[in-house]
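# A closer look at the structure
Chain by chain, the residues:
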Amino acid sequence: MTEDVEMKDTQVTAISSSPTPDPTLQNLKEIASLIETGSYTKEVRRINRAVRLTSSLRHTITAPVLSAFLDFVLVIGSEAHSRLAAYVPKKSEQDMEVDTATSAVQAPGKHLLPELEVYCYLLVLLFLLDQHRNVEAKACASASIARLKSLNRRTLDALASKLYFYYSYSYELTGDLAEIRGELLTLHRLATLHHDELGQETLLNLLLRNYLHYNLYDQAEKLRSKAPKFEAHSNQQFSRYLFYLGKIQTIQLEYTDAKENLLQAARKAPVAARGFRIHCNKWAVIVRLLLGEIPERTIFMQKGMEKALRPYFDLTNAVRIGDLELFRKVADKFVDTFSNDRTHNLIVRLRHNVIRTGIRNISIAYSRISLADVAKKLRLDSPNPVADAESIVAKAIRDGAIDATLDHANGFMLSKETGDIYSTNEPQAAFNSRIAFCLNMHNEAVRALRFPPNSHKEKESAEKRRERQQQEQELAKHIAEEEDEDF
């Protein structure tokens, strides 16, 4: 009996000492199985699901796990395995436990699907970017793009769009974004010829980002106007497209359209994309100020955005008051922030809006005021402030910003009495803009609805089946009646 007890103890210790399989590696193998199933059944939704699952596992992938996964998926010694394994650090003796835990699973034959090979490229590229090995990531991305150009499979579209993005991102991190502009144009042309709609949208956004990075707004607009229509197959890509379009329209003085696109981009962006939404709100605030609007305080008080939007809150306050001196102080205080956000040139345009707001406030407060007092209240620092104040007031009257008259002989500005705003067309225009916004949102929601594939065909087949059954019943009844008559 003592020998049996000792035997059981040794078995228990042997089982407990065996290494447990790594959960991240098991999840990656499940994703590989999902990609394999999607490739064989031509179901793109399975590939999309695999990409989403990879995003959640990205920060848990380590070098031994990635090396074990490459050995599991790719043929050891093949060209793809040799190229990708070179980017992963060599395994130490302690890391060999990952392989021994899954040695029984690696016995079956290797998978040679292009989808799995491209997925391995994506995993290695993400690993290199997370390790801040940007130069090696750039080389890996270039190799993956060269492999993608030789393939034309619709099941690769979701994986290819991710590789396109990180390909451009790796070159942006190394400061070589201008080098791949021609390659991106070639890839966009190939995606158009292959009817890869998701790839077209991704590459169009990458090209727009490439042009805007070097302030080539005219070339970006030419590309956007001649590119195929954006069908918004991906909500993230559509948000980026609206943001880039809003920036282009802002530079080209199309403030109304730019405001709508920037606000829509901020609304459509995922909640987790806080940095993107902050950038959209920064540009939207500037555009609304250029339009003469004052953004609501709630925009600057959004959770997690208070600190980033603080310079723009102070800027909005200066424009709202119409204080030119306060506007100068804010612009000088946060000049580095505005330069990094690339909004400094737009803020220079706001000086005229600050002056116009100050003139409007003065015309409301005073029925009659001298031009010298106007120059003093506006804090004009020019050699001849009275003459400048007169030209500013005259321009504001001509543009319709204020309802007043100018007495040039006596040097006075005479304001007219303010009328009832409800007797004008402004309330109608406000209601019209709100109704148009609601209708646009309704139309987008309808377009975003998803229906089961071939649902209309199934309905028609069911109706035909009922008609056929009814005809068969009538025919059977008619035959039975004829047989009864024969008897």
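Attention here is on the structure that accompanies the text. (Residues numbered from 1 in each chain as written. Predicted model: local features only at pLDDT ≥ 70, side-chain atom pairs only at ≥ 80, totals over all residues. Heavy atoms only, no water.)

## As for the overall build of the protein
- Within the protein one finds 24 helices and three strands.
- Across the 487 residues of the protein, 40% fall into the buried class.
- Within the protein, contacts between residues at least 6 apart in sequence are counted, and of these 64% link residues at least 24 apart.
- Within the structure as shown, the protein displays about 28300 Å² of accessible surface, and the carbon and sulfur contribution to it stands at 52%. (Helix = DSSP H or I, 4+ residues; strand = E, 2+ residues; numbered from the N terminus. Buried < 20%, exposed > 50% of the residue type's maximum accessible area, 1.4 Å probe, protein only. Contact = heavy atoms within 4.5 Å. Areas by Shrake-Rupley, 256 points an atom, 1.4 Å probe, with all protein chains shown as cover.)

## Some remarks on the nonpolar core
- Counting residues in each nonpolar core, the largest one holds 125 residues, and the members touching the most others are Phe-69 and Phe-327.
- Broken down by element, the residue count for this core peaks at 13 residues, all from helix H7 (residues 114-130). (Core = buried A, V, L, I, M, F, W, Y, C linked by side-chain atoms within 4.5 Å.)

## Focus: the pattern of salt bridges
- For the structure shown, the criterion picks out 15 salt bridges.
- Its salt-bridge partner being Lys-149, residue Glu-183 comes within 3.1 Å of it at the nearest N-O pair. Residue Glu-183 is located in helix H10 (residues 181-193), and its partner Lys-149 is located in the loop between helix H8 (134-148) and helix H9 (157-173); the two are separated by 34 residues in the primary sequence.
- Residue classification places Lys-149 among the partly exposed positions, given a relative accessible area of 37%.
- Overlapping salt bridges, with partners in common, bring together Lys-259, Arg-288, Glu-293 and Glu-296 in one network. (Salt bridge = Lys/Arg side-chain N within 4 Å of Asp/Glu carboxyl O.)

## Remarks on the packing of helix H20 (residues 344-365) against helix H21 (residues 371-378)
- The geometry of H20 relative to H21 is characterised by a closest axis approach of 10 Å and an angle of 130° between their N-to-C directions. The orientation of H20 relative to H21 falls into the category oblique. Considering only the axes of H20 and H21, their crossing is right-handed. Across the interface between the two elements, Ile-355, Gly-358, Ile-359 and Ile-362 of H20 pack against Val-374, Lys-377 and Leu-378 of H21.
- Here the residues of the contact of H20 with H21 sort into five nonpolar, one polar and one charged. (Axes fitted to C-alpha atoms, helices over the stretch in contact; angles between N-to-C directions. Parallel < 35°, antiparallel > 145°, perpendicular 65-115°, else oblique. Left-handed = near helix turned anticlockwise from the far one by under 90°. Nonpolar A, V, L, I, M, F, W, Y, C, P; charged D, E, K, R; others polar.)

## Some words on unusual backbone geometry
- In the Ramachandran plot, His-195 falls in the positive-phi region, its phi being about 60° despite a non-glycine side chain.
- Locating His-195 in the fold gives a position in the loop between H10 and helix H11 (197-213).
- One non-glycine residue with positive phi stands out, namely Asn-215, at about 60°.
- Mapped onto the secondary structure, Asn-215 falls in the loop between H11 and helix H12 (217-226).

## Focus on H12
- Turning to H12, its buried residues number three or more, namely Tyr-217, Ala-220, Glu-221 and Leu-223. Looking down the long axis of H12, one finds its buried residues gathered within 160° of arc, a one-sided arrangement. Among the exposed residues of H12, those pointing more than 90 degrees away from its buried face are Asp-218, Lys-222 and Lys-226.
- In this structure, the buried residues of H12 make contact with H10, H11, helix H13 (235-251) and helix H15 (274-290). (Arc of directions from axis to C-beta.)

## Some details on empty space enclosed by the protein
- Within this structure, the stated rule accounts for two cavities of 30 Å³ or more.
- If you add up the space inside the largest cavity, you get close to 150 Å³.
- Every residue lining the largest cavity is counted, 15 residues in all, and those nearest its centre are Leu-148, Leu-151, Tyr-164, His-194 and Asp-196.
- Of all the secondary structure elements, the ones that give two or more residues to the lining of the largest cavity are H9 and H10. (1 Å grid on protein atoms, 1.4 Å probe; cavity = no way out; pocket = protein on both sides within 12 Å on 5 of 7 lines; lining within 4 Å. Points joined across faces, edges and corners; volume = space filled by probe spheres on them.)

## Some thoughts on the packing of helix H18 (residues 324-333) against H20
- The geometry of H18 relative to H20 is characterised by a closest axis approach of 10 Å and an angle of 165° between their N-to-C directions. Comparing the axis directions of H18 and H20 gives the class roughly antiparallel. You can see that H18 and H20 cross each other, and the crossing is right-handed. Every residue of H20 that contacts H18 at Leu-324, Phe-327 and Arg-328 is listed here: Ile-347, Leu-350, Arg-351, Val-354 and Ile-355.
- For the contact of H18 with H20, the per-class residue count stands at six nonpolar, no polar and two charged.

## A look at the packing of aromatic side chains
- All told, the structure shown has nine aromatic pairs when counted by the stated rule.
- Consider the rings of Tyr-167 and Tyr-171, whose centres lie 5.3 Å apart with planes at 70°: the pair is edge-to-face. Of this pair, Tyr-167 and Tyr-171 both sit in helix H9, four residues apart, which is roughly one turn of the helix.
- Relative accessible area serves as the criterion here: at 10%, Tyr-171 is assigned to the buried category.
- Arranged with centres 5.5 Å apart and planes meeting at 70°, the rings of Phe-243 and Phe-276 form a pair that is edge-to-face. Here Phe-276 lies in helix H15 and Phe-243 lies in helix H13, a separation of 33 residues in the sequence.
- With relative accessibility at 5%, the residue Phe-243 sits in the buried group.
- A relative accessible area of 22% places Phe-276 in the partly exposed class.
- Chaining the aromatic ring pairs together yields one cluster made of Phe-165, Tyr-166 and Tyr-169.
- Looking at Lys-29, its charged tip hangs above the ring of Phe-72, at a distance of 4.7 Å from the centre. (Phe/Tyr/Trp six-rings, centres within 6.5 Å; stacked < 30°, edge-to-face > 60°. Lys NZ or Arg CZ within 6 Å of the ring centre and 35° of its normal.)

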